[in-house]
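Listed here are the chains, written in short residue letters.
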Amino acid sequence: IPDICLFEQICPGYEIYEHLVIEPKRPTLTLTLKELDQIRDHALAVARNPLFDKLCTKWHFILLGQSLGDDVRHALENQVVGDGNYYNAGNISISIFEWSKSFKTTS
């Protein structure tokens, strides 16, 4: 179960929504593949579940930790979509950030 979920209706009167799911880890935790797998599993659960809208809703998943472990840093090295972006396809994006960094999601 994710820790923080927020949503926004993009334009009142239109059925277009964005959801932000934030998975904050304790400020002393170095993010490992375990945490990366957890946020990916949350995103895949949304993508596979027919109860969640796929046409008019965009989902942004964010994982926050103290620092990035070597495996997580390596997983982010070849991403070209944006700083911290791990996955971006269809209506779902996953980003990984350190607590000390500022960030913005990719649309």
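Please refer to the structure placed before this passage.
Quantities reported herein were computed from a predicted structural model and do not represent experimental measurements.

Quick notes on the rules
Residue numbers run consecutively from 1 along every chain, following the written order of its sequence. In keeping with the model being predicted, local features are shown solely for residues with a pLDDT of at least 70 and side-chain atom pairs are shown and tallied solely at 80 or more, while totals for entire chains, interfaces and linings include all residues. Heavy atoms throughout the structure, all of them, feed into the side-chain values; hydrogens and water do not. Runs of E in the DSSP output that reach at least two residues are strands. Runs of H or I that reach at least four are helices, and both are numbered from the N terminus. Only protein chains enter the accessibility calculation, which uses a 1.4 Å probe; a residue is then buried when its area is under 20% of its type maximum, exposed when over 50%, and partly exposed in between. Two residues qualify as a contact provided that any one of their heavy atoms is within 4.5 Å of a heavy atom in the partner residue. We get accessible surface area from the Shrake-Rupley algorithm with a probe of 1.4 Å; when it comes to residues, only the shown protein chains can shield them. For this analysis, a nonpolar core means a set of buried residues of the types Ala, Val, Leu, Ile, Met, Phe, Trp, Tyr and Cys, connected via side-chain atoms within 4.5 Å. A helix's residues, less one, multiplied by 1.5 Å, set its expected span. Throughout, the arc means the angular range of directions from the helix axis out to the C-beta atoms. The term polar contact refers here to a pair of N or O atoms within 3.5 Å; inside protein, the definition further demands a hydrogen-donor-capable atom paired with an acceptor-capable atom, and it admits residues adjacent in sequence only when both atoms are side-chain atoms. What counts as a ring pair is set by centres within 6.5 Å for rings of Phe, Tyr and Trp (its six-membered ring), and what kind of pair is set by the plane angle: stacked under 30 degrees, edge-to-face over 60, tilted for all other angles.

(A) Spatial organisation of the overall build of the chain. What the chain contains, in helices and strands, is 2 helices and 7 strands. For the chain, the α and β elements follow one another from N to C terminus as β-β-β-α-β-β-α-β-β. Going through the 107 residues of the chain one by one, you find that 34% of them count as buried. Intrachain contacts of the chain at a sequence separation of at least 6 include 60% that bridge at least 24 residues. Approximately 6,800 Å² of the chain is accessible, and the part contributed by carbon and sulfur atoms is 56%.

(B) Spotlight on the nonpolar core. Ranked by internal contacts, the top residues of the largest apolar core, which has 16 residues, are Leu31, Phe61 and Ile96. No other element matches helix α1 (residues 33–48), which puts 4 residues into this core. Here Leu31 is in contact with Lys25, Leu63, Leu64, Gly65, Ser67, Leu68, Gly69, Val72, Ile96 and Phe97, once residues within four sequence places are set aside.

(C) Examining the environment of Thr28 more closely. Here Thr28 is to be found in the loop between β2 (17–24) and β3 (30–31). The spacing of Thr28 and Gln66 is 38 residues in sequence and 5.3 Å in space, taken between C-alpha atoms.

(D) Summary view of α1. Under the 1.5 Å per step criterion, the end-to-end length of α1 is 22 Å for 16 residues, consistent within 8% with the ideal 22 Å. Within the sequence span of α1, burial applies to Glu35, Leu36, Ile39, His42, Ala43 and Val46. The arc that holds every buried residue of α1, seen down its axis, measures 125 degrees, which confines them to one face. Turned more than 90 degrees away from the buried face of α1, the exposed residues are Lys34 and Arg48. Taken together, the buried residues of α1 touch β2, β3, β4 (57–65), α2 (70–77), β6 (85–89) and β7 (92–98).

(E) Highlighting the side chain of Ser93. Here Ser93 is to be found in strand β7. Relative accessible area serves as the criterion here: at 1%, Ser93 is assigned to the buried category. Looking at Ser93, its side chain comes within polar contact range of the side chain of His60, at 3.0 Å.

(F) Highlighting the packing of aromatic side chains. All chains considered together, the criterion is met by 2 aromatic pairs. Summarising the aromatic geometry, the rings of Phe52 and Trp59 are spaced 5.2 Å apart at their centres and angled 80 degrees between planes, so their arrangement reads as edge-to-face. Looking at Phe52, the relative accessible area reads 31%, which means it is partly exposed. Taking relative accessible area as the criterion, Trp59 reaches 9% and is therefore assigned buried. Their ring planes at 20 degrees and their centres at 6.2 Å tell us that Trp59 and Phe61 sit as a pair that is stacked. When sorted by exposure, Trp59 lands in the same class as Phe61, which is buried.

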